[in-house]
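Read off the chains here:
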Amino acid sequence: MAILKHIASKNADYGEAQRYLIFQHDEYTGKPILDENGNTQLREEYYLDGVECDPFSFDMECKELNARFHKNRTYDEIKSHHYIISFDPKDRDECGLTGEQAQQLGLEYCRKNFPGHQALVCTHMDGHNGSGNIHVHIVINSLRKNDVERQDFMERDCDSRAGRKHHLTNNYLVCLKQSLMDLCQRENLHQVNLLTKAERKVTEKEYHAKRTGQKKLEERNRQMLSEGITPRITVFQTQKEYLRTSIEEAAASAHDLKEFEQILSEKFNIKFKISRGRFSYLHPDREKPITGRSLGTHYEKDYLMELIGNHSRLENTEKGQAVQKENLPEKTIHNRKPSDGQHGIPAGTDAPTAPFEKSGLRLVTDLQNCIKAQQSRAYANKVKLSNLQNMAKTLSYVQEHGYETLESMEGRLSELKGQASSSLKELKDTEARLRQVNEQIHYTGQYLANKSVYAQLRKSKNKELFRQENSAKIALYETALKFLKGKSDGGKLPTLQTLKAEKEKLLAEKKERQEKYYSCRDQKKELDTVCSNIHAALGLTNSRPAHKQVRE
């Protein structure tokens, strides 16, 4: 698909644009590439034309026009505008697009959309970062040379007169994109709708930051490999890319906005904020949040709310189907006595495995020891009302779960504490085993990747020279072999397929044990709150550790 990019330049040296179009430049630094004698080198293939000027005297003609109208004389004025039309790489291979054809399309586009301006139109056959796509550069002087007929995209009558500056508005940019889409459709080239917002918005600044960061990372990794160290990170990730990946993962598993925020905070250390109905995200290494609009439409409120809502509706549907299969009336479930099972947990099981839904119970506030309530009567009345609501929820909880004595509640609390402790230990053991398997997979891959080099070393006649030339790879192989032998205890090394199968099994086991632990923990916290509220209502001294009070 053809895309359009715009760059406004305040550089008064128009010759720099000429030199960039004609001579080879480094993609990362933007500096010209010199030959052995220190001279600039022409590009291998390019097509250059001028509109309202000679292409090789573009700089002098622009300066003369600026002097005639006394414009573009201050530092802050925009001297030129640079538009780039990048065609899809498939256009050359599948549609037969040539450099000559692209140049003619660029000239047509320039004369139609920038009438009366001095312009350079140049087509390059090589794309950025080895993409190989054909792209057309259009560099125009910001000052119009000749009077032209007023076009629809011109908002003011004076915009069509000579001596007036190029004025790019939002409506003008829409017209430029629409003109490019019409041009590509006419020529049967690949094209997408440029007027729709991008799902993943990657700016020019982020694009270059990723390329520069990836280059530095690769240089650092090469240095680590030469020292016999295996790098853990091989792909550079910008802050925005980290946010996009984290948001996608959180949104894929969240069932409501609160859970979405909790996953971002606990798993990715990202702070989620809603301001004026807009979503924004604070990266751990930043002080200023990044809005969802700057990340793309898939990270804004409308899309995420719809995605999370679909998860919630799907879960409710599955729950409804499960209840129908059980064919049990709702009253029987709510009024089940402790003798039927452990308060909603089937008899004969150690811990709940079904997701636990919190009831929103909170501790009652001790007014006698609350300094703020003693200082403010209004606040004391507010706390009294809140205490009544919390006590009502507490009594409802006791009746719903069928507790008849305080001793039965405290006994159940002790059971939940033991179950939470044991389930946490099981979860930690599974995570420890998963880390070991991941480490084995890493070193097995390292062993297999460098096994052929070590085989060549054994067959080499000059082993010392071969080892010097391939020291990094041999060191990686020997390190991996030593680690794997230490883990196998002299037995046969496990295959990569076996390790990956064990990893999948451990991941499923980890998820199951996480759900089990979270359910036990949440039930324990809720029942602990109930017991504390009952003690407060009966005026009993709570022998258990003090529960942290939540401020009203």
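Residues numbered from 1 in each chain as written. Predicted model: local features only at pLDDT ≥ 70, side-chain atom pairs only at ≥ 80, totals over all residues. Heavy atoms only, no water.

Some thoughts on unusual backbone geometry
Defined as follows: The helix count covers DSSP runs of H or I at least four residues long, the strand count covers runs of E at least two residues long, and both are numbered beginning at the N terminus.
The phi dihedral of E52 falls on the positive side, at around 60 degrees, and the residue is not glycine. Here E52 shows up in the loop between β2 (46-51) and α2 (58-69). Despite not being glycine, N269 shows a phi value in the positive range, around 60 degrees. Its location among the elements puts N269 in the loop between α8 (257-268) and β6 (271-275).

Some thoughts on the side chain of N221
Quick reminder of the rule: Note on classification: 1.4 Å probe, protein chains only; a residue is buried when its accessible area is under 20% of the maximum for its type, exposed when over 50%, partly exposed between these limits. Residue contacts are defined here by distance: any two heavy atoms, one from each residue, within 4.5 Å place the two residues in contact.
Relative to the elements of secondary structure, N221 occurs in helix α6 (residues 204-226). Owing to a relative accessible area of 10%, N221 belongs among the buried residues under this scheme. The residues contacting N221, other than those within four sequence positions of it, are P231, I233 and T234.

Concerning the nonpolar core
Note the following rule: As used in this record, nonpolar core signifies buried Ala, Val, Leu, Ile, Met, Phe, Trp, Tyr and Cys residues forming a set joined through side-chain atoms within 4.5 Å.
Within the largest apolar cluster, 31 residues are counted, with the highest numbers of intra-cluster contacts made by I85, F87, Y109, F114, I138 and L180. At the level of elements, β2, β3 (80-86), α4 (99-113), β4 (117-124), β5 (135-144) and α5 (170-186) are the ones that each hand at least two residues to this core. Broken down by element, this core gets its largest block of residues, six residues, from α5. Counting 18 residues, the second largest nonpolar core, distinct from the first, contains L243, A254, F260 and I308.

Quick word on the confidence of the model for the chain
To keep things clear, this is the line we draw: Per-residue confidence from the predictor is reported as pLDDT, which spans 0 to 100.
Mean pLDDT over the chain works out to 82, with 87% of the residues at or above the 70 mark. Of all helices and strands in the chain, the one with the weakest mean pLDDT is helix α10 (residues 330-334) (38), whereas β4 scores best (95). Across residues 327-354 the pLDDT falls below 50, and counting only partners more than four positions away or on other chains, this stretch makes 31 contacts in the model. Counting contacts from residues 543-552, a segment whose pLDDT is below 50, to residues more than four positions away or on other chains yields 22 contacts.

Regarding a positive patch on the surface
Basically, it comes down to this: Exposure above 30% relative accessible area and the absence of a salt bridge qualify a residue for a patch, where like charges join within 9 Å and nonpolar side chains (Val, Leu, Ile, Met, Phe, Trp, Tyr) within 5 Å. In short, Shrake-Rupley with a 1.4 Å probe defines the accessible areas, and a residue's cover is counted only from the protein chains shown. Salt bridges, as used here, are contacts in which a Lys or Arg side-chain nitrogen is within 4 Å of a carboxyl oxygen on Asp or Glu. His residues and chain termini do not enter the charge count, which takes Lys and Arg as positive and Asp and Glu as negative. Where a charge lies is defined by one atom per residue type, namely NZ (Lys), CZ (Arg), CG (Asp) and CD (Glu).
Among the surface-exposed residues, K197, K201, R276, R278 and R293 lie close enough to one another that they form a single positively charged patch. Relative to the elements of secondary structure, K197 occurs in the loop between α5 and α6.

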